[in-house]
Amino acid sequence: MIYGITLILLSIIAVPSLILSKKPNAEELLAKVAPYQGWIGLVFCVFGIWGIISAILNLGWLTSAPIWWTTLLAGSVVEAGLGFMLGFALINSLVLKNNAAAQEKAATLREKIAPKQGKLGILGLIVGSWMIIASFLFAV
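This text gives an overview of the structure that appears in the document. As the structure is a computational prediction, the values presented were derived from the model and not from experiment.

## Side note on the overall build of the chain
Here is step 1 of the chain: Secondary structure summary: the chain contains 9 helices and 0 strands in total.
Here is step 2 of the chain: Each helix and strand of the chain, placed in order from N terminus to C terminus, yields the pattern α-α-α-α-α-α-α-α-α.
Here is step 3 of the chain: Across the 140 residues that make up the chain, the buried fraction comes to 35%.
Here is step 4 of the chain: For the chain, the share of sequence-separated contacts (at least 6 apart) that also reach a separation of at least 24 residues comes to 78%.
Here is step 5 of the chain: Summed over its atoms, the accessible surface of the chain is roughly 8400 Å², and 72% of this surface lies on carbon and sulfur atoms.

Structure (structure tokens):
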């Protein structure tokens, strides 16, 4: 259930235009979170990667709880992807700060994946909601 809640919170940060169209006063809250967006993204990227590793290590759940295992894997992949997209600038500055050519390639990659952030955020809202429901129905 915690994975689902955190995935929903991460998705809310990832799709600010959707939230701003529904609630105009949410702009102040999102403006407060914006300076920490890189760190939030980096932390969630690590959690997502850990979830993927956890799903692989618990491959035996495919026989006893296949729906929960699939849900855990899908949620972790979406969480890692959203975390990477949100934390891209921070990851880029920490890892590639001394290599200008790699920074240019990373910027090109970011331009290609940036339009998909909103769609992935909406998918994160759906998968996060399903993870909460599935944690009650298919808990291992």
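## Examining the packing of aromatic side chains
Here is step 1 of the chain: All told, the structure shown has 2 aromatic pairs when counted by the stated rule.
Here is step 2 of the chain: Aromatic side chains F44 and F47 sit 6.4 Å apart centroid to centroid with 75° between the ring planes, which places their arrangement in the edge-to-face category. With a gap of 3 residues between them, F44 and F47 both fall in helix α4 (residues 37-57), about one helical turn apart.
Here is step 3 of the chain: For F47, a relative accessible area of 44% puts it in the partly exposed group.
Here is step 4 of the chain: Ring centres of F84 and F88 lie 5.5 Å apart, and the angle between their planes is 80°; this geometry places the pair in the edge-to-face category.

## A word on the nonpolar core
Here is step 1 of the chain: With 13 residues, the main nonpolar core has L7, L10, V78, L82, L86 and L120 as its most contacted residues.
Here is step 2 of the chain: Every element with two or more residues in this core is listed here: α1 (2-14), α6 (66-86) and α9 (117-137).
Here is step 3 of the chain: Discounting chain neighbours no more than four positions away, the residues touching L86 are L10, I13, A14, Q37, G38, G41 and Q117.

## Focus: the packing of α4 against helix α7 (residues 88-95)
Here is step 1 of the chain: The geometry of α4 relative to α7 is characterised by a closest axis approach of 7 Å and an angle of 85° between their N-to-C directions. For the element pair α4 / α7, the angle class is roughly perpendicular. On the side of α4, the interface is formed by G38, W39 and L42, while α7 contributes L90, I91 and L94.

## Points about a nonpolar patch on the surface
Here is step 1 of the chain: Among the surface-exposed residues, M1, I2, I5, L9, I12, I67, W130, I133, F136 and L137 lie close enough to one another that they form a single nonpolar patch of about 970 Å² accessible area.
Here is step 2 of the chain: Elements supplying a minimum of two residues to the nonpolar patch: α1 and α9.
Here is step 3 of the chain: By relative accessible area, L137 is classed as exposed at 56%.

## Here we look at the side chain of Q117
Here is step 1 of the chain: Take Q117: it is sitting in helix α9.
Here is step 2 of the chain: For Q117, a relative accessible area of 11% puts it in the buried group.
Here is step 3 of the chain: Engagement of the side chain of Q117 in a polar contact is seen with the backbone oxygen of A14, the distance being 3.3 Å.

## Some words on the side chain of T71
Here is step 1 of the chain: Looking at where T71 falls in the secondary structure, it is placed in helix α6.
Here is step 2 of the chain: There is a polar contact of 2.7 Å between the side chain of T71 and the backbone oxygen of I67.
Here is step 3 of the chain: In this view, T71 contacts W130, M131 and A134; residues no more than four positions away in its chain are not counted.

## Describing α4
Here is step 1 of the chain: The end-to-end C-alpha distance of α4 is 30 Å, a good match for the 30 Å that 21 residues give at a rise of 1.5 Å each.
Here is step 2 of the chain: For α4, every residue scored as buried is listed here: G38, G41, F44, C45, G48, G51 and A55. Each buried residue of α4 lies within a common arc of 140° when the element is viewed along its axis, so the set occupies one face. Those residues of α4 that are exposed and aimed more than 90 degrees away from the buried face are W50 and L57.
Here is step 3 of the chain: The inward-facing, buried residues of α4 abut α1, α6 and α7.

What counts, and at which threshold
- Residues numbered from 1 in each chain as written.
- Predicted model: local features only at pLDDT ≥ 70, side-chain atom pairs only at ≥ 80, totals over all residues.
- Heavy atoms only, no water.
- Helix = DSSP H or I, 4+ residues; strand = E, 2+ residues; numbered from the N terminus.
- Buried < 20%, exposed > 50% of the residue type's maximum accessible area, 1.4 Å probe, protein only.
- Contact = heavy atoms within 4.5 Å.
- Areas by Shrake-Rupley, 256 points an atom, 1.4 Å probe, with all protein chains shown as cover.
- Phe/Tyr/Trp six-rings, centres within 6.5 Å; stacked < 30°, edge-to-face > 60°.
- Core = buried A, V, L, I, M, F, W, Y, C linked by side-chain atoms within 4.5 Å.
- Axes fitted to C-alpha atoms, helices over the stretch in contact; angles between N-to-C directions.
- Parallel < 35°, antiparallel > 145°, perpendicular 65-115°, else oblique.
- Patch = residues over 30% accessible without salt bridge, like charges linked within 9 Å, V, L, I, M, F, W, Y side chains within 5 Å.
- Salt bridge = Lys/Arg side-chain N within 4 Å of Asp/Glu carboxyl O.
- Polar contact = N/O pair within 3.5 Å; in protein donor to acceptor, adjacent residues only side chain to side chain.
- Expected span 1.5 Å × (residues − 1).
- Arc of directions from axis to C-beta.

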